[in-house]
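This is what each chain is made of:
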Amino acid sequence: MIYLYTLPGTAFNMPQLSVPLLKGYLKECKIKSKQYDLSSRFLEYCFKKEYIKEISLQYYLSLSESDKNIVDNIEKAVKQMQTKLIDTDKIVSANEQIQKYLEILSKYYNIKWGRRGIDFSKKILTVDDTIELAFDEKNTIFDKVLENTHKLNDGDIIYLSIQYPFQLNYALRFSKHLKSKSNNIKIILGGDYITHINKNLNEIMQKCIYIDGMTLFGNYNNVVEMIKLFQNKKVSNINNIIYRKNNKIIYKFNKQNDCFYKNKYIPDFSDLNLNKYLSNLKLIPLTLNYGCYHSKCMFCSRYYYYNGYSTYNINKIFSYLKELYNNEHIEAVYFIDECVHPDILMKLADYLINNNIKIKWMVETRIDNKYTDKNFAKVLYESGCREISFGIESYNKSILKDMNKGIDLKVAKSTMKNFYNSGISISATFMIGYPTENILNIKRTLKFIKKFKYLDTFGLSIFSYMRNSKLVNLSNLDEEKDLNLIYRTTNDKYSTYINIIDKFNNTKKIKRFVSNRQKILYRSEYMYLDRNYYSLNYRSDV
Ligand code: SF4
């Protein structure tokens, strides 16, 4: 049997898409598999009022009365985040309780549980650091969910999807545990993070003999071929993999030579209980295309993972969505594409309207001339679109040019205005501290965020070098020596930028927004929470 695992992550609002997508891909190739979501299992096992008492009664007794209250009521908070009755105040309060519970739980394990990942008390920079952490006797937070609940047989193949840096050590811990139960199984690692650290894979294979192979990039054909290889079947064309054969490590890295089958990317959620996630609407993630149709921004590392761009067979994806709507009563979809072309979004909207599919949906994409037509946003709203996000990055023409962003600020403003007025919540991301930027550029961007009326939510970050981005390739950074995806140490003005953002966040208008946004755990909640509550500008009575 082929077992596919999503490792524990930090979000509990919906399944992580990569494993359902792989399961669907294997099904198209007539390969049977079974998937497990360990995040969902963590939520199920560990968000219980007795859980902390069970791991350490002494720790529970040492908590303050308010923290004990959070622990004692955690099951109610989970229920509140799953109820169909949308009451913004109650849901936001449940969000806060979940965050507090995670804080209490992670403090016990001496880790920091953030929205984007888990931070460990020790810096993890090298493969040796990761291995040391993986087998640290105190690193047990996920042991309960990593215990394998099904029987393993000779010849079974396990695939672990690693999306974030903090998951690698848990993958190693889990793999060794599985191998201790049965040595006649094969373990494959894959996922975004494995692709990004391709320069370190040889070392991982050498030092972790319980790993049998790893696949790179989002092209699942390599996983299919590796499964065949481990089943001693005939393999046709296998690229971008590393595996063990007769004690030798074989690494085939060839970015040019990948077969891509776009018709096979239809996810399959059938092994998962979609009611168990923390979302007030029954939510699934989907993608409509492979990679980013722009794929040129200098700072971006996202498109590296895809090794190309392709549309999927959207008619097949639409039919699957209809099936899920009719049979599973799906209520919301988060299109997690890097970037969807407007023509595909219009086809999606037409399909939903024509087939009377009443869902709410959200998407991340880029500014495009087509959105200046007011009718575009109206049709998308009519079809259920409730949130759209654009990367704007800077309110400076010259900086956008340096970034190779390829957007026009006039078009960006008109796009955001059209969507905002249509009723769709507008989100935009910005960054400060780009290498060619000066303080005046930064002020211009911040002023824009504060003054522009057609913005509901925004993200503001400090420029960092991203692994495998074009900028990193042009820099002298030695990626092999540091397993991080983001290199902040090279930004010597980092603390200055932190101060600028702190001051900005403290201005009257922004302060309210930031304070409310921090209480909300998942962006998907913007699809149904009261816009008056979280929006920077929107007030229904104005
Ligand atoms: S930042 Fe967005 S638009 Fe630019 S290359 Fe990355 S994914 Fe594409």
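Residues numbered from 1 in each chain as written. Predicted model: local features only at pLDDT ≥ 70, side-chain atom pairs only at ≥ 80, totals over all residues.

It is worth spelling out helix H15 (residues 342-354) at this point. For the α-helix, the turn length of 3.6 residues means that residues three or four positions removed from each other point alike. Over its 13 residues, H15 extends 18 Å from the first C-alpha to the last, a length consistent with the 18 Å expected when each residue adds 1.5 Å. Every buried residue of H15 is listed here: Ile344, Leu345, Leu348, Ala349 and Leu352. Viewed end-on, H15 has its buried residues packed into an arc of 140°, placing them on one side of the element. Projecting away from the buried face of H15 at angles above 90 degrees are the exposed residues Asp343 and Asn354. Elements in contact with the buried residues of H15: strand E11 (289-290), strand E12 (310-311), helix H14 (314-328), strand E14 (360-365) and helix H16 (374-382). A positive phi of about 55° marks Asn356, the residue just after H15. (Helix = DSSP H or I, 4+ residues; strand = E, 2+ residues; numbered from the N terminus. Expected span 1.5 Å × (residues − 1). Buried ≥ 20, exposed ≤ 12 C-beta atoms within 10 Å, placed from the backbone. Arc of directions from axis to C-beta. Contact = placed C-beta atoms within 7 Å.)

Taken together, Cys292, His294, Ser295, Lys296, Cys297, Cys300, Arg302, Tyr303, Glu338, Cys339, Arg366 and Gly391 are the residues near the ligand. In terms of residue class, the shell around the ligand is built from 5 nonpolar, 3 polar and 4 charged. (Near = placed C-beta within 6 Å. Nonpolar A, V, L, I, M, F, W, Y, C, P; charged D, E, K, R; others polar.)

On to the environment of Arg386, then. Among the secondary structure elements, Arg386 is positioned in strand E15 (residues 385-393). Separated by 369 residues in sequence, Arg386 and Leu17 place their C-alpha atoms 21 Å apart.

On to the sheet that holds strand E5 (residues 157-161), then. If you trace the 7 strands from one edge of the open sheet to the other, you get E2-E1-E5-E6-E7-E8-E9, paired in mixed fashion. Because the sheet does not close on itself, it has two edges, and the strands there are strand E2 (33-37) and strand E9 (248-252). Neighbouring strand axes in the sheet, compared pairwise and without regard to direction, differ in orientation by 20° on average. Pairing between strand E6 (residues 186-190) and strand E7 (residues 213-215): 2 bridges, direction parallel. (Pairing = 2+ DSSP bridges. Axes fitted to C-alpha atoms, helices over the stretch in contact; angles between N-to-C directions.)

Turning next to the domain arrangement of the chain. Annotation of the chain at the domain level lists domain 1 (2-39 + 130-252), domain 2 (43-120) and domain 3 (281-534). When residues in the side of domain 1 that touches domain 3 are grouped by element, the largest group, 3 residues, is from helix H11 (residues 192-196). Of the residues contributing to the side of domain 1 that touches domain 3, the split by class is 7 nonpolar, 7 polar and 2 charged. (Domains from an automatic or database assignment.)

What follows covers unusual backbone geometry. One non-glycine residue, Asn356, lies in positive phi territory at about 55°. Inspection of the secondary structure assignment puts Asn356 in the loop between H15 and E14. In this structure, Asn404 is a non-glycine residue whose phi angle is positive, near 65°. Counting through the fold element by element, Asn404 comes out in the loop between helix H17 (397-403) and helix H18 (409-422). Its 14 C-beta neighbours within 10 Å are what place Asn404 among the partly exposed residues.

End to end, helix H10 (residues 167-181) covers 21 Å across 15 residues, agreeing with the expected 21 Å (1.5 Å per residue, within 8%). Of all 15 residues making up H10, 11 are buried, and the element is well covered by its neighbours. Within H10 the residues assigned to the buried category are Gln167, Leu168, Asn169, Tyr170, Ala171, Leu172, Arg173, Phe174, Ser175, Leu178 and Lys179.

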